[in-house]
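Inside the fold
The residues making up each chain are set out below.
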Amino acid sequence: MNEYRPDRHQETRSVHAGRADFAELGVHAAPIDLSTTYPVHDLGQGTASFDALVGGDASAPNPIYARLHNPTVARVEEALAELESTEACVAYGSGMAALSAVLLSRRAAGSHVLVVRPVYGSSDHLLACGTLGLEAEFVTADEIAARLRPETCLVIIETPANPTLQLTDIRAVVAAAGDVPVLVDSTFATPILQNPAKLGATYVLHSATKFLGGHGDVIAGVVCCSDENAKPLRQMRALTGGLLHPLGAYLLHRGLATLALRVERAQRNAIDIAERLTAHPAVSRVHFPGMAGSNNAQLVGDHPTAQMRGPGCLMAMELVGGYDAAAATMAAVKLITPAVSLGSVDSLIQHPAGLTHRCVDDEARRTHGITPGMLRLSVGVEHVDDLWADLSQALDAGMAAIELATAA
Ligand SMILES: *Cc1c(COP(=O)(O)O)cnc(C)c1O
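Not measured: the values here are computed from a predicted model.

Focus: the site of the ligand
As a matter of local geometry, the ligand sits amid 14 residues, with Met-96, Asp-185, Ser-207, Thr-209 and Lys-210 nearest to it. A distance of 2.9 Å separates an oxygen atom of the ligand from a polar atom in the backbone of Met-96. Separating a nitrogen atom of the ligand from a side-chain N or O atom of Asp-185 is a distance of 2.7 Å. For the ligand, the protein covers 93% of the area, taking 380 Å² as the surface of the free molecule.

Shown next as structure tokens:
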């Protein structure tokens, strides 16, 4: 449907991708197709379509049944493929369904997966518990080349990583992995700030629940990759049923239109807040990509060896007062919502050790710096002064709670 336009900028793609046929259709907003089944008047064509879709083709003359294909979902997939500069994109009912599909589709090639921690808590849990029949070995980026085995079928990294914002050098990992495909969970970066496929990643995964949807009202996940690698993913989706509902796909596509705007504004706020946080007495450390003293800071910027065009909209902070101060701060925010998830128009703050990364092995949490005094902040598009007023009063309240407890 869409013609790939290398001359277009991400801001323009974000608004126009997946809409190339609107003029022909005579519409100005994406049509929503809620059909579960489609009439088959021509059985020969129906059978051929069925074979094509079950075989993993992106489309066929007849969609047959909505578990095999849905035009509204296909539209947002096309938009995301364009934003990530990949041939294809496959959408699922959640980020976890998307990750599971990649893992299951790689199983034919081997039973061993290398994973660079930290990763999102549920991804860590899924990999560590081995429930999909894969052995996950947790390594540092430097160890990848030495730990590859003949049965290694995938290398997984998340950059920036949830929740510590650790950056991993995508080009270096792709080089170290050799023939083994690399999956980059790029949820925190969004296609506006980072395009891992251009750096050699085989699969780019997004929890579309976060920035891509952007309004906290749709759970979705996507994998952007080559058409060849998308085929088994579509087959897996048809077999296991991890579908994205067309209403969710519509909302996701609608959210994409403002993605560049939202990221730009939220990032500007985040840069300001990260700076102010480093000077706040309640905070011992701020983790923010590219900030002086942060790991792999050279990967952020607009120079040729950078991989991320800006620091993004998330940060983690460690509080002087530890767990109690973190809990008191979460209880004291009024404008910012104390809740898991991220990437929404509104700001969210949460406690990784107690919530999102609860299921991660205790020792791994400690090793990777997911401390009891850490809070993760997802900065939204509000006015930065209002955000700072709320955050600083909450941090002050957190400090006061600790002082009271020590005095008692
Ligand atoms: C939220 C998240 C996921 C999981 O996505 P869901 O849509 O919640 O299933 C995966 N990776 C990262 C980095 C996330 O933040």
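What about helix α12 (residues 259–278)?
Compared with an ideal rise of 1.5 Å per residue, which puts 20 residues at 28 Å, α12 spans 28 Å between its outermost C-alpha atoms and is within 8% of the ideal. Those residues of α12 lying buried are Leu-259, Ala-260, Arg-262, Val-263, Ala-266, Gln-267, Asn-269, Ala-270, Ile-273, Ala-274 and Leu-277.

A few points about the domain arrangement of the chain
Segmenting the chain into domains produces domain 1 (10–256) and domain 2 (260–407). For domain 1 versus domain 2, the distance between C-alpha centres works out to 28 Å. With 41 residues of domain 1 in contact, the opposing surface of domain 2 contributes 40 residues. Summed over both sides, the interface of domain 1 with domain 2 buries roughly 3,200 Å², with 60% coming from carbon and sulfur. The largest contributions to the domain 1 side of the interface with domain 2 come from Leu-167, Leu-193 and Phe-211, which together make up 24% of the buried area. Between the two partners, domain 1 and domain 2, sit zero salt bridges. The interface formed by domain 1 and domain 2 holds 19 residue pairs in polar contact (both at pLDDT 80 or more) in total. Elements represented by at least two residues in the side of domain 1 that touches domain 2 include exactly α1 (10–16), α6 (121–128), α8 (170–177), α9 (190–193) and α11 (246–256). Split by residue class, the side of domain 1 that touches domain 2 holds 17 nonpolar, 18 polar and six charged.

Structural notes on the packing of helix α13 (residues 322–332) against helix α15 (residues 384–407)
Here α13 crosses α15 at 135°, and the two axes come no closer than 8 Å. Taken together, the axes of α13 and α15 are oblique relative to one another. Note that α13 runs across α15; the crossing there is right-handed. Mapping the contact onto sequence places Asp-324, Ala-325, Ala-328, Thr-329 and Ala-332 in α13 and Asp-390, Gln-393, Ala-394, Leu-395, Ala-397, Gly-398, Ala-401 and Ile-402 in α15. Within the contact of α13 with α15, the residues separate by chemical class into eight nonpolar, three polar and two charged.

What about the pattern of salt bridges?
If you walk through the whole model with that rule in mind, you get 14 salt bridges. Close ionic contact of Glu-82 with Arg-13 constitutes a salt bridge, the shortest N to O distance being 3.8 Å. With Glu-82 in helix α4 (residues 71–84) and Arg-13 in helix α1, this pair connects stretches of sequence that are 69 residues apart. According to the relative accessible area criterion, Glu-82 is buried, its value standing at 7%. The partner of Lys-231 in a salt bridge is Asp-57, and the shortest N-O contact between them spans 2.5 Å. In this pair, Lys-231 is assigned in helix α10 (residues 227–240) and Asp-57 in the loop between α3 (43–54) and α4, connecting sequence segments 174 residues apart.

Details of the sheet that holds strand β11 (residues 348–350)
Across a sheet, strands are paired by hydrogen bonds formed along the backbone, either parallel or antiparallel in direction. Strand order in this open sheet of five strands is β8-β9-β12-β11-β10, and the pairing throughout is mixed. Here the strands that pair on one side only, and so sit at the sheet edges, are β8 (283–287) and β10 (337–338). Pairing analysis gives two bridges linking β10 to β11, with the strands arranged parallel. The residue bridging Pro-338 from the neighbouring strand is Ile-349, located in β11.

A few points about helix α5 (residues 95–106)
Its 12 residues give α5 an end-to-end C-alpha distance of 17 Å, which sits within 8% of 16 Å, the value for a rise of 1.5 Å per residue. Where burial is concerned, most of α5 is hidden: nine out of the 12 residues are buried. Residues of α5 that are buried include every one of Gly-95, Ala-98, Leu-99, Ser-100, Ala-101, Val-102, Leu-103, Ser-105 and Arg-106, and no others. Its side-chain oxygen 3.4 Å from the backbone nitrogen of Met-96, Ser-94 forms the N-cap of α5.

Here's the deal with the nonpolar core
Counting 39 residues, the largest nonpolar core has Leu-80, Leu-212 and Leu-256 as its most contacted members. Among the elements of the structure, α4, β1 (88–92), α9, β7 (221–225), α11, α12 and β9 (314–319) are those that each provide at least two residues to this core. Looking at this core element by element, the count peaks at six residues for α4. Residue-level mapping places this core at the junction of two domains, with at least three residues from each of domain 1 (10–256) and domain 2 (260–407). With near-sequence residues (within four places) excluded, Leu-256 lies in contact with Ser-14, Val-76, Ala-79, Leu-80, Leu-83, Leu-212 and Arg-262. In this structure, Leu-319, Ala-326, Met-330 and Leu-377 belong to the second largest nonpolar core, which totals 28 residues.

Regarding the sheet that holds strand β5 (residues 182–185)
In spatial order, the strands read β1-β7-β6-β5-β4-β2-β3; together these seven strands make up an open sheet with mixed pairing. Since the sheet does not close on itself, it has two edges, and those belong to β1 and β3 (135–139), each with one partner. Going from strand to strand, the sheet's axes swing by 20° on average, the running direction of each strand aside. By the bridge criterion, four bridges tie strand β4 (residues 152–158) to β5 in an arrangement that is parallel. Bridge pairing in β5 places Ile-157 opposite Val-184. In this fold α5 packs onto β1, β2 (112–116), β4, β5, β6 (203–207) and β7, with an angle of close to 155° to the strand it touches most, β6.

A few points about the pairing of β2
Among the five residues of β2, five are classified as buried, and the element is accordingly described as predominantly covered. Here β2 shows no split at all, with His-112, Leu-114 and Val-116 on one side and Val-113 and Val-115 on the other all buried. In this region the chain leaves β2, passes through α6 and returns to the parallel neighbour β3; the handedness of that crossover is right-handed. As paired elements, β2 and β4 share four bridges and run parallel to each other. Paired with His-112 across the strands is Thr-152, a residue of β4.

Calculation criteria
- Residues numbered from 1 in each chain as written.
- Predicted model: local features only at pLDDT ≥ 70, side-chain atom pairs only at ≥ 80, totals over all residues.
- Heavy atoms only, no water.
- Near = heavy atom within 4 Å.
- Polar contact = N/O pair within 3.5 Å; in protein donor to acceptor, adjacent residues only side chain to side chain.
- Areas by Shrake-Rupley, 256 points an atom, 1.4 Å probe, with all protein chains shown as cover.
- Helix = DSSP H or I, 4+ residues; strand = E, 2+ residues; numbered from the N terminus.
- Expected span 1.5 Å × (residues − 1).
- Buried < 20%, exposed > 50% of the residue type's maximum accessible area, 1.4 Å probe, protein only.
- Domains from an automatic or database assignment.
- Contact = heavy atoms within 4.5 Å.
- Buried area = accessible area lost by both parts, 1.4 Å probe.
- Salt bridge = Lys/Arg side-chain N within 4 Å of Asp/Glu carboxyl O.
- Nonpolar A, V, L, I, M, F, W, Y, C, P; charged D, E, K, R; others polar.
- Axes fitted to C-alpha atoms, helices over the stretch in contact; angles between N-to-C directions.
- Parallel < 35°, antiparallel > 145°, perpendicular 65-115°, else oblique.
- Left-handed = near helix turned anticlockwise from the far one by under 90°.
- Pairing = 2+ DSSP bridges.
- Core = buried A, V, L, I, M, F, W, Y, C linked by side-chain atoms within 4.5 Å.
- Right-handed = clockwise from strand over helix to strand, strands pointing away.

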